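Notes for the structure review
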Amino acid sequence: MKGKILVTGGTGYIGSHTVVELQNAGYEVVIIDNLSNSNIEVLDGIEKITGVRPIFVKADCTDINALTKLFEENPGINGIINFAASKAVGESVQKPLLYYRNNLVTLINLLELMPKYGTKGIVFSSSCTVYGEPDKNPVDENAPIKKATSPYGNTKQISEEIITDYIHSGAPIKSVILRYFNPVGAHPSAEIGELPNGVPQNLIPYLTQTAIGIRKELSVFGNDYNTPDGSCIRDFINVVDLAKAHVTALERMLEDKSEETLEIFNLGTGVGLSVLELINSFERATGVKVPHKIVGRRSGDIEKVWADPAKANNVLGWKATTSIDDTMRSAWNWQLKLRERGIM
Ligand code: NAD
Ligand code: WQD
C-alpha cells in the first residue's frame, strides 16, 4: 500500500472516478460522503471496476465531531482529496448561505484537523469559473481572477484564498489546487458516471437524457456569440483523464517531488469546442440523433473559455488523452446503463 487517502465527496461524480484511479495506483481509500448528491450503490461500481471496496463513512464534513471520529478510527491518513461541496450554480444564487457554509466549513474543518493527525497534504477541487470571462484564450494559471458571478463560484475563490493564507501562516501542510474546466463522460466500464438530481442544468447530462428520450429536446443557449458557429465554447475534459491527474498531483505533493508547499494547475485539454460541435461529436460517435433547437442566451454564461494545460503537462507530466468521441460514447453508455438499471 502506498498510503491512506481520505476522499471527501468520494461517491460523487469526479470523486468516484478518482477513487478508482487511486485504488488502481495502490492507495488505500477512506471515503466520507453525506450522500446529499450521490448514492451508496456507487461503492458497488467502484468495487466492480477495481476489486476493492473502499472504506466508507456516511457523515457530513461540516460536522467537526464526525470528522474527528473518522481521523481517530482511521489512523495514518497521509493525504486528502477534497471533492465534497455543493455545486449547482443556480441553486447557489437562491441559497447562498447553504453554499458558503457547506463549501467553506468543510474546507476549514479539514485544514484544522490535518496538523493534529499528521496529514501532510490536501488536493482541492477548484474550477475554471475563477477566471470568469477570460481576457484571452487559452487561459493559463496566471490569468487574473475575475469577480465571481455566483455564490458557488465565490466559494471556490474564497477556498483558494483560505488555503493560501493558511499555508503562508506556516501551517505544516501542503496543497495542490486543481482548476477543472468542464468535466464530462463516464468510466468506460459504464459502472460509474454522473447522476444528476432532477432536471440537469449541465450540457452533457441534458444531452444524453434527450438522446434517450427522457427530455424532448435540448435547448442550445445562444448562437449569436462571437465564436465561429455562434454557440459558446468550452474545454470538455474526460472525467477519467481528470481523475488520473489527481493521483499524479497527490503523489507529487506527498512524495515531495516539488519544493513548493502550494501549487495550482489548470486541468483541461487545451482544445475549445463549441456546444454545436459537441452535439455533432455525440451524434457521430454514437449514431444517435439529439433533437435540439436554438434558444436565447442563458444569463451569466461565459462566451468562450479553454485551458492552457501546459503547466500540468510539463510539471505534472499529465495530459488529457481521451478523444472527445470516446468521451461522448462513454457518456452514452452510462446513460444506457442507467436505463438498464431502471434509474432513469
Ligand atoms: P458531486 O455533487 O457529484 O460530488 C460531490 C459529493 O460531495 C457528493 O457525493 C455529495 O453527496 C458530497 N457532499 C457534498 N457536501 C458534503 C458534505 N458537507 N459532507 C460530505 N459529503 C458532501 O460533484 P462533482 O461534479 O463530483 O464535483 C466534485 C468537486 O469538483 C466539487 O467540489 C465541485 O465544486 C468541483 N468541480 C466540479 C465541476 C463539474 O463540472 N462537475 C467543475 C469544477 C469543479
Ligand atoms: C456548457 C455550455 C451552456 C445546457 C458550469 C459551471 C462551472 C463549472 C462547470 C463547477 C454553455 C450550454 C448547457 C443546456 C446549453 N462547474 N448549454 N444547453 O456553464 O460551462 O459551467 O459547470 O465549477 O462553474 O458554471 O457548464 O454544462 O452548464 O454549459 O446550450 O441545456 O452548454 O450555455 O455554453 P458551464 P454547462
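I will try to describe carefully the structure that is included in this document. (Residues numbered from 1 in each chain as written. Chains lettered and ligands numbered in written order. Predicted model: local features only at pLDDT ≥ 70, side-chain atom pairs only at ≥ 80, totals over all residues. Heavy atoms only, no water.)

1. As for the nonpolar core
- With 36 residues, the main nonpolar core has Ile5, Leu22, Leu178, Leu250, Leu267 and Trp318 as its most contacted residues.
- When residues of this core are traced back to their parent elements, those giving at least two are β1 (4–8), α1 (13–24), β2 (28–33), α2 (42–50), β6 (174–180), α8 (239–254), β11 (262–267) and α10 (310–316).
- Viewed by domain, this core spans two of them, domain 1 (4–184 + 236–267) and domain 2 (203–234 + 270–340), each represented by three or more residues.
- Beyond its immediate chain neighbours, meaning those up to four positions away, Leu267 contacts Leu178, Arg179, Tyr180, Phe181, Ile237, Leu242, Ala245, Ala312 and Trp318. (Core = buried A, V, L, I, M, F, W, Y, C linked by side-chain atoms within 4.5 Å. Buried < 20%, exposed > 50% of the residue type's maximum accessible area, 1.4 Å probe, protein only. Helix = DSSP H or I, 4+ residues; strand = E, 2+ residues; numbered from the N terminus. Domains from an automatic or database assignment. Contact = heavy atoms within 4.5 Å.)

2. Considerations on the site of ligand 1
- Close to ligand 1 lie 27 residues; Asp33, Asn37, Ser38, Asn102 and Tyr152 are nearest.
- In the environment of ligand 1, an oxygen atom lies 2.8 Å from a nitrogen or oxygen atom belonging to the backbone of Tyr13.
- Take Phe83: an N or O atom from its main chain is 2.9 Å from an oxygen atom of ligand 1.
- Compared with its free state, where it exposes 820 Å², ligand 1 has 94% of that area covered by protein.
- Considering each element in turn, the shell around ligand 1 owes the most residues, three residues, to strand β5 (residues 121–127).
- Tallied by class, the residues present in the shell around ligand 1 amount to 11 nonpolar, 12 polar and four charged. (Near = heavy atom within 4 Å. Polar contact = N/O pair within 3.5 Å; in protein donor to acceptor, adjacent residues only side chain to side chain. Areas by Shrake-Rupley, 256 points an atom, 1.4 Å probe, with all protein chains shown as cover. Nonpolar A, V, L, I, M, F, W, Y, C, P; charged D, E, K, R; others polar.)

3. With respect to the site of ligand 2
- Around ligand 2, the structure places 17 residues, and the nearest of them are Ser127, Tyr152, Ser219, Arg234 and Asp301.
- Between a nitrogen atom of ligand 2 and a main-chain N or O atom of Ser219, the distance comes to 2.6 Å.
- Here Arg298 contributes a side-chain N or O atom positioned 2.8 Å from an oxygen atom of ligand 2.
- Top contributing element to the shell around ligand 2 by residue count: strand β8 (residues 218–221), with four residues.
- The residue inventory of the shell around ligand 2, partitioned by class, reads eight nonpolar, six polar and three charged.
- Shared between two domains, the shell around ligand 2 takes at least three residues from each, and those domains are domain 1 (4–184 + 236–267) and domain 2 (203–234 + 270–340).

Geometry only, nothing functional implied.
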